[in-house]
Amino acid sequence: MVFAVDFDGTLSFGQWPECGPGNNGLIEFLKKRKNDGDKLILWTCREGSDLSAAVDWCLDNGLTFDAVNDNLPEVIELYGGNSRKVSCDFYIDDRSLTGNTYKLLERL
């Protein structure tokens, strides 16, 4: 499986552009999935030195990624190009709604 995970508000609970404190439960979950052979993509709006800081922070917390803000090389090869949308099985993000979750908002 492939997991695309956001950084700010998801892996890191710090105030942007700071890194940390960490979401230790999620970090441990992702490390186990990676150890079991799953692929991880860091999927964040960060760029430049702020992105480098996030990647370094993840490394310091034992998280390594197969791609950063990009599709996996094997996905790019499979489809003959690299779309802007990151292809994965699961998106983990603090600002996400699933296909049916929006229905809860209709009640507001």
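Located above this text is the structure these notes cover.
Residues numbered from 1 in each chain as written. Predicted model: local features only at pLDDT ≥ 70, side-chain atom pairs only at ≥ 80, totals over all residues. Heavy atoms only, no water.

**As for unusual backbone geometry**
Note the following rule: Secondary structure is summarised from DSSP: a helix means a run of H or I of at least four residues, a strand means a run of E of at least two, and numbering begins at the N terminus for each.
Across the junction of Trp16 and Pro17, the peptide omega takes the value 10°, indicating a cis bond. With an omega dihedral of 5°, the bond running from Gly20 to Pro21 counts as a cis peptide bond. Relative to the helices and strands, Pro21 is located in the loop between β1 (2–5) and α1 (24–35). We note that Asn69 has phi near 50°; this positive angle belongs to a residue other than glycine. Here Asn69 lies in the loop between β3 (67–68) and α3 (73–79).

**Digging into the sheet that holds strand β4 (residues 90–92)**
To keep things clear, this is the line we draw: Should DSSP find at least two bridges between two strands, the strands are regarded as paired.
Read from one edge to the other, the open sheet built from 4 strands follows the order β3-β2-β1-β4, with strand pairing classed as parallel. Each edge of the open sheet carries a strand with a single partner, namely β3 and β4.

**Focus: the layout of surface pockets**
Applicable threshold: The method works on a 1 Å grid over the protein atoms by themselves. A cavity is a set of points holding a 1.4 Å probe that cannot get out, a pocket is an open set with protein on both sides within 12 Å along at least five of seven lines, and residues with an atom within 4 Å of a point line them. Grid points are joined across faces, edges and corners, and a volume is the space filled by probe spheres set on the points.
What the largest pocket holds in volume is close to 170 Å³. Looking at the largest pocket, the residues that line it are Asp6, Asp8, Trp43, Thr44, Cys45, Asp93, Asp94 and Arg95.

**A word on the nonpolar core**
Spelled out, the test is: Definition of nonpolar core: a set of buried residues of the types Ala, Val, Leu, Ile, Met, Phe, Trp, Tyr and Cys, connected through side-chain atoms within 4.5 Å. The classification of residues rests on relative accessible area computed with a 1.4 Å probe and restricted to protein chains. Under 20% of the type maximum is buried, over 50% is exposed, and intermediate values are partly exposed.
Counting residues in hydrophobic clusters, the biggest one holds 16 residues, and the most contacted among them are Val5, Phe7, Leu11, Leu30, Cys58, Leu63 and Phe65. Elements that contribute at least two residues to this core include exactly β1, α1, β2 (39–42) and α2 (48–60). Ranked by residue count, the leading element in this core is α2, at 4 residues. Among the nonpolar cores identified, the runner-up in size contains 8 residues, and Ala67, Leu72, Val75 and Val86 belong to it.

**Examining the pattern of salt bridges**
This is how the line gets drawn: Each salt bridge in this description consists of a side-chain nitrogen of Lys or Arg and a carboxyl oxygen of Asp or Glu lying within 4 Å of one another.
Evaluation of the coordinates by the stated rule reveals 6 salt bridges. A salt bridge links Glu28 to Lys31; its shortest N-O distance comes to 3.0 Å. Residue Glu28 and its partner Lys31 are located together in helix α1, separated by 3 residues, close to a single helical turn. Judged by relative accessible area, Lys31 falls into the partly exposed class, the value being 27%.

So, to be careful, I would describe these as geometric facts and stop short of saying anything about function.
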